[in-house]
Amino acid sequence: MTWEVVIGLETHAQLTTGTKIFSGAATRFGASPNTQASAVDLAMPGTLPVLNKGAVERAIRFGLAVGGRIAPRSTFERKNYFYPDLPKGYQISQYVEPVVSGGIVAIVVDGKEKSVRLTRAHLEEDAGKSLHEDFHGMSGIDLNRAGTPLLEIVSEPDMRSAAEAVAYARALHSLVRWIGICDGNMQEGSFRCDANVSVRRPGEALGTRCEIKNLNSFRFLEKAIEYEVRRQVELIEDGGKVVQETRLFDPDRGETRPMRSKEDAHDYRYFPDPDLLPLEITAQWVDAVKGGMPELPAKLRANLEAKGLPPYEAHLLTESREKAEFFAQSAAASSAPPLTVAHWVNGEVSAIANDSPSGFERLPFAASAFARLQDRIHDGTISAKAAKEVLHAMAAGEGEPDAIIDKRGLRQISDAGALESAVDAVLAANPKLAEDYRAGKDKAFNALVGQVMKATQGKANPAQAGQILRRKLQR
Amino acid sequence: MTRHFLGRVASAGAALNAFITIDEDKSLAQAKAADERIARGQAGPLTGIPIAHKDLFCAKGWLTTAGSKILGNFIPPYDSHVIAQFDRAGAVILGKANMDEFAMGSSNENSHFGPVKNPWDLAAVPGGSSGGSAAAVAARIAPAAPGTDTGGSIRQPASFTGVCGIRPTYGRVSRYGIVAFASSLDQAGALGKDAHDLAILLSTMAGYDERDSTCIDRPVDDYVANLGGGVKGLRIGVPREYFTKDLAPDVAAPIRAAIDELAKLGAKVVEVSLPNQHLSVPAYYVIAPAEASSNLARYDGVRYGYRAPDYTDLRDMYRKTRAQGFGPEVKRRTLIGTYVLSHGYYDAYYVKAQKIRRLIAGDFIAAFRDCDLIAGPAAPSVAYDLGSKATDPVQMYLGDLYTIPINLAGLPGLSIPCGFGARGRPVGLQLVGNYFDEARMLRAAHAFQQATDWHAKIPKGFE
């Protein structure tokens, strides 16, 4: 019997404000421990939180981008628990009324589009870090991260496979970067996911879920969910029961481990933070934020599809704002068909971008140079294969495409006379293949084209060479 | 002047235990700077005046304990807004005044640094939690003392020690740098010998501070300039719920006499009603402990303050640090607060108490349609003997009956001396104003003091 997998994600996106959500301390990553913790972050007696307007503005941007409801009035609550890296003994979060509720994130899996519904997104502060590596024989506490603004984005349990969960996480990752509210740096913890996973027989009520905490890469997310699904299915099939608990993923072993059970769950004693007033967001504020928003990926995708690009290509092109812009500029500057340019951007150019830490943000060549390369393919100056070589040379900083083509002698032989003699020579050397072709074996034709390419060291224009061959063989 | 008061603290004040920290060198250095400022002709009314600061106000470089062992070694690297305002005015820090631990208490018996004595009778409590501040002003060992008032912590000790004390509207003075007890109720105010001094002190403290999100951005009235003008035509409301069996007769008589005096001066006395008054003590003792239980979670021995010397692991460190660092009243309120916020009890206690709070505020809003100020006692009795209520917290809580509703409503209130009750212990008249009506309250208090001399009485041995 089959099992249905049910997944919901809680994602913490660190917001790109220069200062913390409730204090003026900097949020820069990687500073020496406790150099970016003010008296407020250290929870010194009598210090008070003051809400960072920039964090709210980013939450509004997110709400607009996913089509959620932006609460005209929301509240901050205290979530009380003791932990050494939680300086106040409580975390300021939003519990009863989040700043954003509802909304949708579109994903594409196996070429199929699907909408994942969002439950809510709320503002909260991050905790510090406990450093258990030996620090004078003790554990150390670094409060630089304490008070960093987070937007916690909670999805509905709408995903039905690890692949869908990854697609959702990627789409969300792309979106928060697109609208400039999060740098998306997963290694630094700027974007991290908790996955709620359960399994059930199709049509039955939801099964008991486990929450896997702190997944800070798409690969870990996928592996952790796959492992967890296997574990739950095997457990149930062996007559056992899934226990609601929080689990941790161990990337070295590729498995999840229990962290704490529901019985050990804290009573967080949420109550409204009396140090903060309710957050009021006026329609004018929302309008002002709306005015400064970039065109959203969904809109851009629709435009691309309207121009004839298949949904999958359009989806890939809008993975990031930089990539979409690169495509738009290249396609506009080139006479090649947009679909060809799209294939190249999603293929070779993406491969180059993925190999570089700055991705599409700072490619080693300009869109205009790439557009000229596309023109050279389109006008038959070089073959697609040669174009790949030119592109990699451009990436290595060897200059403009035309100069590289000339320097490397990659120009195709399109001269009819030269090609005629090359074809004649090939036919003379391969009578068997010519005979096979005339006898109706189509494969032989490709082999003959291959021989012409080989004889010209790949420089023959394959389309032209094919025409000449066909003419000669028909005689 | 600083030398003079430091001398009085050491001599006449020795019996009172009114201070936790005295630092002559620091005070005298500030006094010297004030002298220079006076010589430059840049003095203000408080320049060079030594001020006793309740030990809840963080003062840069000064031990700030909140009356607790858990902050027994805490020296803040920053000034509270109030301290900074006095510093700007050129005032001198005379010392850090004794108080109930974390401002929890009504008798000053909950201080880790020992109880404060009432200068009118060393066997009596001075009230609390600003007990050290009130005793110091009453004994004239400090000219003035800012305090904080969460449930009556300025007005009740002012009443018990025969001095004046004002708690302004919630949000009038920044709470930044004041060790928090219950954030939605805490408000800084001042104790002084008369209404004129309160006007000067409040002018210095009040005003907007962006570091406190609950501080209100609204111009500050000129309290000193508005002192004159009298009470002619002023409608004084007397709640019919005030004069009941809860009010000791030796307090009721001077209060009635004081209201008569105000009427004689031209005020119109009207009866008003505060029907939910009796719910205020139970509501307060849910809300204040709830907030306190969370506010005091930061005292965990991790970053600053006291840490238990021996422990086996993290939980043990937390447990021992807090068990040894907090006194019994703080523990009691932390437990109550934790309980009322717990899953399954939150609605029955915390949410319900908040509803009551709105009812109480509504009572006042209705009453202020018929009057300009409300007059009554600040406390149901005169100062009681040290130790007499220390073992009965509920009795002690009930003593806050007249002050607490004002905190729940966020209103301003003041207490001024208006006579003496049994055993020659002082009685305080409470005047409650509408939101931001401090100027009118001070004007009425000033008019009363122009016509009477209760405020000029000084306890024997402290003249």
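Residues numbered from 1 in each chain as written. Chains lettered and ligands numbered in written order. Predicted model: local features only at pLDDT ≥ 70, side-chain atom pairs only at ≥ 80, totals over all residues.

Colleague: With reference to specific residues and values, describe the overall build of chain B.
Modeller: Within chain B one finds 14 helices and 11 strands. The C-alpha radius of gyration of chain B comes to 21 Å, within 12% of the 23 Å expected for a compact globule of 463 residues. C-alpha atoms of chain B, sized along the principal axes, occupy 70 × 65 × 45 Å. Out of the 463 residues belonging to chain B, those deemed buried represent 61%. (Helix = DSSP H or I, 4+ residues; strand = E, 2+ residues; numbered from the N terminus. Rg over C-alpha atoms; globule rule 2.2 N^0.38 Å. Buried ≥ 20, exposed ≤ 12 C-beta atoms within 10 Å, placed from the backbone.)

Colleague: Please set out the sheet that holds strand β5 (residues 90–93) of chain A residue by residue, giving values where relevant.
Modeller: Residues and elements named next belong to chain A. In space, the three strands of this open sheet follow the order β5-β4-β16, with antiparallel pairing throughout. Whereas interior strands pair on both sides, the edge strands pair on one side only; in this sheet they are β5 and β16 (271–272). The sheet contact formed by strand β4 (residues 77–80) and β5 spans four bridges and is antiparallel. Across the sheet, K79 pairs through a bridge with Q91, a residue of β5. (Pairing = 2+ DSSP bridges.)

Colleague: Would you mind going over the pairing of strand β4 (residues 144–148) of chain B in detail, with residue names and values included?
Modeller: The element β4(B) is largely enclosed, with a buried count of five among its five residues. Because side chains alternate across β4(B), one face comprises the buried residues A144(B), P146(B) and T148(B), and the other comprises A145(B) and G147(B), equally buried.

Colleague: So, the interface of chain B and chain A: which residues are in play, and what are the values?
Modeller: Each partner contributes to the interface: chain B provides 36 residues, whereas chain A provides 26 residues. Contributing elements (two or more residues each) for the side of chain B that touches chain A: α8 (280–295) and α9 (314–325) of chain B. Ranked by residues supplied to the side of chain B that touches chain A, first place goes to α8(B) with three residues. In terms of residue class, the side of chain B that touches chain A is built from 18 nonpolar, 10 polar and eight charged. (Contact = placed C-beta atoms within 7 Å. Nonpolar A, V, L, I, M, F, W, Y, C, P; charged D, E, K, R; others polar.)

Colleague: Please give an account of the domain arrangement of chain A that cites residues and values.
Modeller: All names here are of chain A. Taken domain by domain, chain A holds domain 1 (4–286), domain 2 (295–408) and domain 3 (416–474). Once you take the C-alpha centre of each, domain 1 and domain 2 turn out to be 35 Å apart. Facing nine residues of domain 1, the contacting portion of domain 2 comprises nine residues. Within the residue set of the side of domain 1 that touches domain 2, elements represented by two or more residues are β7 (104–109) and α2 (162–178). Per-element tally for the side of domain 1 that touches domain 2: the top contributor is α2, with four residues. (Domains from an automatic or database assignment.)

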